[in-house]
Amino acid sequence: TGLIATTVRHGFPYQPSSMAFDPVQKILAIGTQSGALRLFGRPGVECYCQHESGAAVIQLQFLINEALVSALADDSVHLWNLRQKRPAILHSLKFNRERITFCHLPFQSKWLYIGTERGNIHIVNVESFMLSGYVIMWNKAIELSSKAHPGPVVHISDNPMDEGKLIIGFESGIVVLWDLKSKKADYRYTYDEAIHSVAWHHEGKQFICSHSDGTLTIWNVRGQGKPIQTITPHGKQPKDGKKPEPCKPILKVEYKTTRNGDPFIILSGGLSYDTVGRRPCLTVMHGKSTAVLEMDYPIVDFLTLCETPYPNDFQEPYAVVVLLEKDLVVIDLAQNGYPIFENPYPLTIHESPVTCCEYFADCPVDLIPALYSVGSRQKRQGYSKKEWPISGGNWGQGTQSYPEIIITGHADGTVKFWDASAIMLQVLYKLKTAKVFDRNRSKEDKGSTETSDEDPFAIQIMSWCPESRMLCVAGVSANVIIYRFSKLEVTTEVLLEVRMQYELNDIESPDGGGGGGEQTSAHPTPGASPQTSGPPSHPSTSSNNSDGGNIPCLKVRSTPLKQSPGYQVDLVVQLVWVSGEPPQQITSLALNSSYGLVVFGNSNGLAVVDYIQKTVVLNLGTVELYGSNDPYQRQPRSPRKTRQPSGGLCDINEGSATSEDRCKSPTSGNLSFSVLLRERKGGVHICLVCLLLPLHCGCFTSLCFLLTVLLSVCPPRGANPLDHRDNSFSRSRSSSVTSIDKEAREAISSFHFCETFARKGDSTLTHCLYVGTSLGTVLALALTLPPAGEQRQLQPVIISPTGMLVRLKGSILRMAVLDSTGSQVPPAYEPWYEPNVTADGEEREKVRKRRPVSVSPSTSQDLNESQYAVVCSEKQAKVISLPSQTCIYKHSITETSFILRADVVQMSQGVCVACFCANGHIMTLSKQNHHIMSSIKLFLLLKLSFKVRHKCLS
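On a predicted model such as this, the values are computed, not experimentally measured, just so you know.

1. Considering helix α2 (residues 367-375)
- Within α2 the residues assigned to the buried category are L367, I368, A370, L371, V374 and G375. Buried positions in α2, seen along its axis, are confined to an arc of 160 degrees and lie on one side of it.
- Next to the buried residues of α2 lie β29 (404-410), β30 (414-419), β31 (426-432), β32 (459-465), β34 (479-486) and β38 (566-575).

2. Re the pairing of strand β53 (residues 899-907)
- In terms of strand pairing, β53 meets strand β54 (residues 910-917) through 8 bridges, oriented antiparallel. Bridge pairing in β54 links V904 to V913.
- Two successive antiparallel strands, β53 and β54, enclose a turn made up of 2 residues.

3. A word on the packing of aromatic side chains
- This model, assessed by the stated rule, comprises 19 aromatic pairs.
- Here F417 and Y567 contribute two aromatic rings whose centre-to-centre distance is 5.5 Å and whose plane-to-plane angle is 5 degrees, an arrangement assigned as stacked. A residue pair is termed long-range when its members are at least 10 positions apart, and F417 in strand β30 and Y567 in strand β38 qualify at 150 residues.
- Relative accessible area serves as the criterion here: at 0%, F417 is assigned to the buried category.
- Y567 sits in the buried class, given a relative accessible area of 4%.
- Among the aromatic residues, ring-to-ring pairing joins F360, F417, Y429, W464, F485, Y567 and W832 into one connected group.

4. A look at the UniProt feature "repeat: WD" (unreviewed entry) in the protein chain
- The UniProt feature table records "repeat: WD" (unreviewed entry) at residues 188-222.
- Measuring from the first to the last C-alpha atom of residues 188-222 gives 10 Å, for a span that is 0% helix and 57% strand.

5. Here we look at the nonpolar core
- In terms of nonpolar packing, the biggest core is built from 34 residues, with L371, I405, F417, W464, Y483 and Y567 touching the most fellow members.
- Of all the elements, α2 adds the most residues to this core, at 5 residues.
- Beyond its immediate sequence surroundings of up to four residues, Y483 is in contact with L431, T433, V436, R469, M470, L471, V473, Y567, Q568, V569 and D570.
- Formed by 21 residues, the second largest nonpolar core is a distinct cluster that contains L597, L620, L625 and F753.

6. Some details on the sheet that holds strand β3 (residues 36-40)
- Reading across from one edge, β1-β2-β3-β4 is the order of the 4 strands in this open sheet, with antiparallel pairing throughout. The sheet is open, and its two edges are formed by β1 (16-22) and β4 (46-50), each paired on a single side. Within the sheet, the average angular offset between the axes of one strand and its neighbour, ignoring direction, is 15 degrees.
- With 6 bridges connecting them, β1 and strand β2 (residues 27-32) associate as antiparallel partners. Within β2, the position partnered with P16 by the bridge is T32.

7. Quick notes on the pattern of salt bridges
- Scanning the model with the defined rule gives 19 salt bridges in all.
- Across the salt bridge formed by K386 and D332, the nearest N and O atoms sit 3.8 Å from each other. Taken as a pair, K386 in the loop between α2 and β29 and D332 in strand β27 (residues 328-332) lie far apart in primary sequence, 54 residues in all.
- Through salt bridges that share partners, K165, D179 and D186 make up one connected network.

8. Digging into the sheet that holds strand β20 (residues 229-231)
- Strand order in the open sheet formed by 4 strands is β17-β18-β19-β20, and the pairing between neighbours is antiparallel. The outermost strands of the open sheet, each flanked by one partner alone, are β17 (195-200) and β20. Along the sheet, successive strands turn relative to each other by an average axial angle of 20 degrees, direction set aside.
- Bridge count for strand β19 (residues 216-220) against β20 is 3 bridges, and the pairing is antiparallel.

9. Some points on a positive patch on the surface
- A contiguous patch of positive charge, built from R380, K432, K435 and R439, is present on the exposed surface.
- Mapped onto the elements of the fold, K432 is located in strand β31.

Conventions adopted
Residues numbered from 1 in each chain as written. Predicted model: local features only at pLDDT ≥ 70, side-chain atom pairs only at ≥ 80, totals over all residues. Heavy atoms only, no water. Buried < 20%, exposed > 50% of the residue type's maximum accessible area, 1.4 Å probe, protein only. Helix = DSSP H or I, 4+ residues; strand = E, 2+ residues; numbered from the N terminus. Arc of directions from axis to C-beta. Contact = heavy atoms within 4.5 Å. Pairing = 2+ DSSP bridges. Phe/Tyr/Trp six-rings, centres within 6.5 Å; stacked < 30°, edge-to-face > 60°. UniProt positions renumbered as here; feature names shortened; annotations may be inferred. Core = buried A, V, L, I, M, F, W, Y, C linked by side-chain atoms within 4.5 Å. Axes fitted to C-alpha atoms, helices over the stretch in contact; angles between N-to-C directions. Salt bridge = Lys/Arg side-chain N within 4 Å of Asp/Glu carboxyl O. Patch = residues over 30% accessible without salt bridge, like charges linked within 9 Å, V, L, I, M, F, W, Y side chains within 5 Å. Areas by Shrake-Rupley, 256 points an atom, 1.4 Å probe, with all protein chains shown as cover. Lys, Arg positive; Asp, Glu negative; His and termini not counted. Charge placed at Lys NZ, Arg CZ, Asp CG, Glu CD.

Next comes the structure, spelled out in structure tokens:
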């Protein structure tokens, strides 16, 4: 258990409930409803503590420059020592008979005043943390001013000019000025509306109260009876002089003076009742001006930061810290318009909900500076020019010596890169993937996005190569975007787009009923106009497209896209609607920069895209990956009609082509469209579609082509041969899903690029792609790549399935390859180079001839059993010896739960499999220390327990 010493929590405190600020140390404390305590200082200084009881923190008070007092909902009070590396509780006090409602600790005082629900006030000595015995009883405080109980204590504060005088506010509207020495009330002030808060003028001659009807009352200390002024900040003033209409309660007010101007009255709440749907507001009243500052979330608390900690001097407020339910905002009071400070803390992780997350350790040393360099130019405008005012604490020495990066994908399509090398997270760079798409959809187009209309740009999966800096993201709208990293700004005239269509034609059973077919599409006869990738408003010239065929969920923008330094779009791939049915969401994604390939899969099958040549290399249904070795014995389905497939390519010259030009036949453009037909028992099976081959020069390198690729997977084995008799089609759905249908919907769950033995008994290493499925099968594909350089630009990549490697229980989550010493063999990669080269021809030639870095084992090793494949599923982990493909060890990780996430990690002790289980456990499985050739045994190395919310798992 000594391997993991600390758990670091990043992000905004969950359900914040209270806040305090130390004006000398300049430290902010935030308490939460679960008893957590977060301390914030200068950027990079942060601390997390937890009350053992887990009760809500109802109030925090700094013993300024020394300690912190916390009051909890379980009626306990705690004193925290802040003068040690990790804050700890020095003293605690528990009330058994009374409920704590309010605490006050005067500046430079040793007395802590605690108000209760019964209306009494107890005084605690802070040094000994024991009750002093001095109690202010509610009946003594109000005496005959009220016949009824005044309610709980809602406020206590000492007169700034005389700490022997206390203002006590009771909920019912009674305020008492109590003399501590004479133990009696000097004055009582009564108002007929409930009180929420009280604040002093620094001279101690006036105070202000906020009330439940949206009014503020200002009182002279020596005045009796009525307030000297009543203000309704948001109330409409009637012309006949009557009282303004009541407003919502003013929950808190602060009264801060300035030496050379009017005082500031700052309040939360108090809005008019007719402002339905208006966002929560903080109101700043300064002289004759009233500024209403809208907040994104409800206000939990706010504090005014002042130049002096002394309450009896001019306060000179310079900022307001506003704690919201899901954010922390600091407002600059000294600048016109009250701009906010740019928040340097990593609290904005969930600014838009996180939809996926990836972690990378031991990144290239130049990567974080490169991301920071482009990210620092993304500064948003409109922030205060001053330094962040919460600036206390000192940086500790980080223990990590290697760069760590966390990447988060968000519901709004944003991708954020975070430096996680230190204990503190720091935003390095933000990428907005939604910029690629046209946000202005017409009414006709909106129907095509109904599957993900709430967050159509949400990021679902990310794949990143730190060495080459290539990034690939898959969105919830069945789109894949490939990015390259560049330090130079470019303008892309027309984005290159590949549209993909996976189809299983409908099954016509003898009785005419549907057989549960997948997405369907009727293709035009060879003489008809092909389906093209024109705008969704003109989906096609063919009549069968009236119900939404060949339309992607999102429309790629057609106007020039200015791409700043950083990540720039290289290729957009979209799956399209077929016959009114949306494309299946992408379930797996992988990228390899050495091979120049991106592979993605869904519940239908997989597709491999060559992003160097901008072509689709392979598109196969999951069933076809098995070949004749399908373990599920899927039965042939009913005979059905099939049609000659046809696909179209668009040639858009500098974006000036007309809609007529976009609908040329496949043979009329500069690119040829080839379909490989392979004979099979019972009919023709289309197994490889859309190899894009240049007819003349290397025209693929131009970004002026908009490629449309219609990818088709034809009938399962046993279907009829092609039938050209009829160009119509029928579309029906079975009301129930059979077990055969479930098996047919075997989704692709994971990928792994590697250099290994592709087939059983091979003696040489081959470029490979391992494919894991939701039914626990690992299949291998052998990759044949053209030589590097010019031939890589022109010759096609050839991919051939080599059969099944292994089967496990549950969906495959992670795969890895180890060498004969038990060390992980990372995939080959290409080092990063500047893609937008502006140098001369010689420099361009150097870039073009760069060779990828291969990290495969040396050929001098014994090749008899020189590699091992480690595979982890939702239930099991297995170790496979290669090239014999024999299972030498298997381990059942969980029987009662399932693994949510797994990774194969190279640790100092060797390789281990780390698993995060749905029951909240983290488990690490490791090989024993003896030589991996004798045996690889997985055992439980470490087990941690986390509270996992079911909501998070869904």
